[in-house]
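Analysis of the macromolecular model
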Amino acid sequence: MSQKIATREAYGSALAEFGVDSRIVVLDADLSKSTKTDSFKKKYPERFLNMGIAEGNMMAVAAGLASCGKVVFASSFAIFAAERACEQIRNSICYPNLNVKIGASHAGVTLGEDGASHQAIEDMAIMRAIPNMTVISPADAVETRHAVKAAIEHNGPVYLRLGRLAVPTLYDESTYSFELGKGVTLAEGNDVSVIATGYMVHKALEARQMLESEGIKARIIDIHTIKPIDKEIIIKAAKETGAIVTAEEHNVFGGLGSAVSEVIVENCPVPVKILGIKDKFGKSGKPDKLVEMYGLTAADIAARVKEVLKMKK
Amino acid sequence: MDKQEIKALKKQATYIRKHIIDEVYSAASGHPGGSLSCTDILTTLYFKEMRVDTKNPKWEDRDRFVLSKGHCAPALYATLAEKGFFPTEDLTQFRQADSYLEGHPSMTYVPGVDMSTGSLGQGISTAVGMALAGKLDNKDYRVYSILGDGEIQEGQVWEACMAAAHYKLDNLTAFLDYNGLQIDGDIKEVMSPEPVTDKFKAFGWNVILIDAHDYEQIYDAIQQAKTTKGKPTMVIAKSIKGKGVSFMEDQAGWHGTAPNKEQRDQAIAELDAFLAGLEVE
Ligand SMILES: Cc1ncc(C[n+]2csc(CCOP(=O)(O)OP(=O)(O)O)c2C)c(N)n1
Ligand SMILES: [Mg+2]
């Protein structure tokens, strides 16, 4: 775990890097310095369009651009992208299956001080429920870069969930390979599996170390694509480890925990514990403090592992 | 308004500006620019016009206020604390994890806040709802709101304006904090909402143009709105973002940036010098 970089930062750099593709048009809603689309704007000002503080309009404009052959990245904070403009995304982007990529930054409580009104904790559930939508929640800068590339190559709507906070870089650019819809086994283990996404992936690795000192060997899986989810890796984990803990910086309803449970109940029932925000709004505060208050630490994951192990047959 | 009264409002506004600086400084985060630009409007509303009861914040006959540009919570919290809704000492707990002073106004946690806001464009709709309730219940309370000039890019603002005129909500007065800046820069470059005066007029509103830092003009506009029948009033208030702190004035960069210790001290020194100047006047 080396350098700390925010996934929104990597998103902006990736847009600038892959922006040579002249089909790409980037839209923002007066947050280009925060979503980091300003990196693209600096390089390709003619293909950057500020739509003002008007997210609903921005999403439908993106649909129109995409219908004319553009690959459109539309960005705002996750709360205003996925939630303010939800119905435009559903009816103008997903229903006609248009090539719009939504770069949604500042997701979750680690957004920090702006507080509850700005902390999207429902976005994965909402985006996941819309047909045709692909949902990606990258864990670090390297994975984000590859996710942007995959989003460009994929034909259809994509929701990219990005964070404000700098997070440890887990992957090595020279060896990392990204496949849309495929999870990554970060560490082997056969006692239990911890399946995590986004911000929680590095916390899961920390939890693994804590558990190892107590003789528990946890398999750690990074699910970057929430939809379509990697059934194979989940079923394999259920069969080989017999117990699962999921971890996400999102409400416990409708996100990764739900997606994993759906696969488990239909294929190979084993005990599952879902770690996330327990159906309550966020609040203002320093991100680290909020991570503790909302039960999103490595110690919280380790505690949940011990609970699920008691249920394991 | 006589000279003494204006001087008292100037003093009051300066205390509020000092709190704004200290709230944002202690949180090391928040929005000083837009808070300072709407301070004089808030001061006139709460210290000269609005019918509120600090002992009974939810009093049903009170005048209502909605900060539609919710990111300027530091200005609203400082005003409410100065008015006596909660202790001014709490203000430096702004945005802390163990505090009730949420980053954006919360009607659940903060006494005196009439509506939770923070997502731009929605506050004005809630103000329309409050004004409609006043009409339905035959109450004589008035509803006030402050909008940002970037905020009016949201289509919902215009839906709200259409509804307010349709239902002849003459109990609703909104202020447009017309400072010319939003996060990404000059509003005319990002997404021009011009011509704003004509637009609000075309939407059926009584429109008044004023200087947002002139207490007499603010007060007169409020009185004019009260005597205007059958229409809501939009007060287009030309303002200076960052007003009162020299290095923050008219700078987009101070939209959502907290001052460091040195900058905080300089801002407070400037505001204290202004207060001292009022004393010798
Ligand atoms: C719906 C929504 N989109 C985006 C934001 C992020 N945001 C906060 S303040 C701001 C700029 C507001 O500019 P303006 O209305 O002119 O406010 P002021 O200059 O008075 O501070 C933006 C885009 C938000 N709070 N709500
Ligand atoms: Mg403005």
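Residues numbered from 1 in each chain as written. Chains lettered and ligands numbered in written order. Predicted model: local features only at pLDDT ≥ 70, side-chain atom pairs only at ≥ 80, totals over all residues. Heavy atoms only, no water.

1. Some remarks on the packing of helix α5 (residues 123-136) of chain B against helix α6 (residues 155-166) of chain B
Residues and elements named next belong to chain B. Rules: Angles run from 0 to 180 degrees between N-to-C directions of axes, and those axes are lines fitted to C-alpha atoms, restricted for helices to the stretch in contact. Helix and strand definitions here come from DSSP, where helices need a minimum of 4 consecutive H or I residues and strands a minimum of 2 consecutive E residues; each element is numbered from the N-terminal end. Each angle gets one of four labels, with under 35 degrees taken as roughly parallel, over 145 as roughly antiparallel, 65 to 115 as roughly perpendicular, and the rest as oblique. Less than a right angle of anticlockwise turn of the near helix away from the far helix marks a crossing as left-handed, whereas a clockwise turn marks it as right-handed. The criterion used for residue contact is that any of the two residues' heavy atoms lie within 4.5 Å.
Close contact between α5 and α6 brings their axes to 8 Å; oriented N to C, the two are set at 20°. Considered as vectors, α5 and α6 are oriented roughly parallel to each other. Seen from above, α5 lies across α6 with left-handed handedness. For the pair α5 and α6, the contacting residues are Ile124, Ser125 and Val128 in the first and Gln156, Val157, Ala160, Ala163 and Ala164 in the second.

2. With respect to the domain arrangement of chain A
Residues and elements named next belong to chain A. Let me state the cut-off plainly: Where each domain begins and ends is defined by an automated method or by a domain database. Defined in terms of a 1.4 Å probe, buried area is the accessible area two parts forfeit on being brought together, summed over both.
Considered domain by domain, chain A is made up of domain 1 (4-168) and domain 2 (184-309). Each of domain 1 and domain 2 was reduced to a C-alpha centroid, and the two centroids are 25 Å apart. Contacts between domain 1 and domain 2 engage 31 residues on the former and 36 residues on the latter. In this assembly, domain 1 packs against domain 2 so that about 2,500 Å² is buried in total across both faces, 58% of it on carbon and sulfur atoms.

3. Quick word on the coordination of the magnesium ion (ligand 2)
All names here are of chain B. Note the threshold: Water is not part of the atom set, so a site may look incomplete; the donors themselves are N, O and S atoms within 2.8 Å of the metal, or 3.2 Å for Na, K and Ca. Per-residue accessibility, obtained with a 1.4 Å probe over protein chains only, is compared with the maximum for each type, and a residue is labelled buried under 20%, exposed over 50%, and partly exposed between these values.
For the magnesium ion (ligand 2), the full set of protein donor atoms is Asp149 (OD), Asn179 (OD1) and Leu181 (O), at a range of 2.1 to 2.2 Å. Spacing between the donor residues of the magnesium ion (ligand 2) along their common chain follows D-x29-N-x1-L. Take Asn179 and Leu181: they sit in the same class, and that class is buried.

4. Considering the nonpolar core
Residue and element names in this part refer to chain A. Our working definition: For this analysis, a nonpolar core means a set of buried residues of the types Ala, Val, Leu, Ile, Met, Phe, Trp, Tyr and Cys, connected via side-chain atoms within 4.5 Å.
Counting 59 residues, the largest nonpolar core has Phe73, Val148 and Ile301 as the members making the most contacts within it. The residue makeup of this core includes at least three contributed by each of domain 1 (4-168) and domain 2 (184-309). Not counting residues up to four positions away in its chain, the partners in contact with Phe73 are Tyr11, Leu15, Ile24, Val25, Val26, Leu27, Lys101, Val148, Ala151, Ile152 and Leu160.

5. A short note on the sheet that holds strand β6 (residues 206-211) of chain B
Residue and element names in this part refer to chain B. Counted only if it meets this: Any two strands with at least two DSSP-identified bridges between them are counted as paired.
Taken in spatial order, the five strands make up an open sheet running β1-β2-β3-β7-β6, and their pairing is parallel. Whereas interior strands pair on both sides, the edge strands pair on one side only; in this sheet they are β1 (64-67) and β6. Geometrically, the sheet is characterised by an average inter-axis angle of 20° between neighbouring strands, direction not taken into account. Pairing of β1 with strand β2 (residues 143-148), which is carried by four bridges, proceeds in the parallel orientation.

6. Things to note about helix α11 (residues 256-267) of chain A
Residue and element names in this part refer to chain A. Selection rule: In this scheme, a helix's expected span is set at 1.5 Å multiplied by one less than its residue total.
Between the first and last C-alpha of α11 there are 17 Å, a value that for twelve residues agrees with the 16 Å anticipated at 1.5 Å per step. Every buried residue of α11 is listed here: Leu256, Gly257, Ser258, Ala259, Val260, Ser261, Val263 and Ile264. Elements in contact with the buried residues of α11: α7 (123-128), β10 (192-196), β12 (225-227), α10 (231-241), β13 (244-251) and β14 (272-277).

7. Section: the pairing of β2(B)
In summary, the side chains of a regular strand alternate between the two faces of the sheet. Residue and element names in this part refer to chain B. Note the cut-off: When the strands point away from the viewer and the connection leading from the first strand across the helix to the second strand turns clockwise, the crossover is called right-handed.
In terms of burial, β2 is largely enclosed, as six of its six residues are buried. Across the two faces of β2 the burial is the same, with Val143, Ser145 and Leu147 and Tyr144, Ile146 and Gly148 all buried. Strand direction decides the pairing type here: β2 and strand β3 (residues 172-178), joined by six bridges, are parallel. The residue bridging Ile146 from the neighbouring strand is Phe175, located in β3. Note that the unit made of β2, α6 and β3 has a crossover that is right-handed.

8. Structural notes on the site of ligand 1
The test is simple: Near is defined per residue: the residue qualifies when any heavy atom it owns lies within 4 Å of the molecule or strand. Whenever a nitrogen or oxygen atom comes within 3.5 Å of another N or O atom, the pair is scored as a polar contact, on the condition that within protein one atom can donate a hydrogen and the other can accept it, and that pairs from neighbouring residues in sequence are kept only if both atoms are in side chains. Surface accessibility in these figures is a Shrake-Rupley result with a 1.4 Å probe; residues are shielded only by whichever protein chains are displayed.
Residues in contact with ligand 1 amount to 24 residues; listed here are only the nearest, Glu55(A), Lys69(B), His71(B), Asp149(B) and Lys241(B). Near ligand 1, residues from chains A and B are present, making the site a shared one. The contact in question runs from a nitrogen atom of ligand 1 to an N or O atom on the side chain of Glu55(A), over 2.6 Å. Within the side chain of His71(B), a nitrogen or oxygen atom sits 2.7 Å from an oxygen atom of ligand 1. For ligand 1, whose accessible area on its own is 590 Å², the fraction buried by protein is 99%.

9. Comments concerning helix α9 (residues 200-212) of chain A
For α9(A), built from 13 residues, the straight-helix expectation of 18 Å at 1.5 Å per residue is met to within 8% by its first-to-last C-alpha distance of 18 Å. Taken together, the buried positions of α9(A) are Met200(A), Val201(A), His202(A), Lys203(A), Ala204(A), Leu205(A), Ala207(A), Arg208(A) and Leu211(A).

10. Looking at the packing of aromatic side chains
How we decide: Put simply, two rings from Phe, Tyr or Trp (the six-membered ring, in Trp's case) pair if the centres are within 6.5 Å, and we call them stacked under 30 degrees between planes, edge-to-face over 60, tilted for the rest.
Taken as a whole, this structure holds eleven aromatic pairs over all chains when the rule is applied. Relative to Phe80(A), the ring of Phe77(A) lies with its centre 6.1 Å away and its plane at 15°, an arrangement referred to as stacked. Measuring from centroid to centroid gives 5.1 Å for Trp158(B) and Phe203(B), while their planes differ by 55°, and the two rings are tilted. Of the two residues, Trp158(B) sits in helix α6 while Phe203(B) sits in the loop between α8 (196-202) and β6, which places them 45 residues apart along the sequence.

11. Observations concerning the sheet that holds strand β3 (residues 48-50) of chain A
All names here are of chain A. Pairing is mixed in the open sheet, where seven strands are placed in the order β3-β2-β4-β5-β7-β6-β12. The outermost strands of the open sheet, each flanked by one partner alone, are β3 and β12. Along the sheet, successive strands turn relative to each other by an average axial angle of 20°, direction set aside. Contacts from helix α4 (residues 55-67) reach β2 (24-28), β3, β4 (71-77) and β5 (100-105), with the element oriented near 170° to β4.

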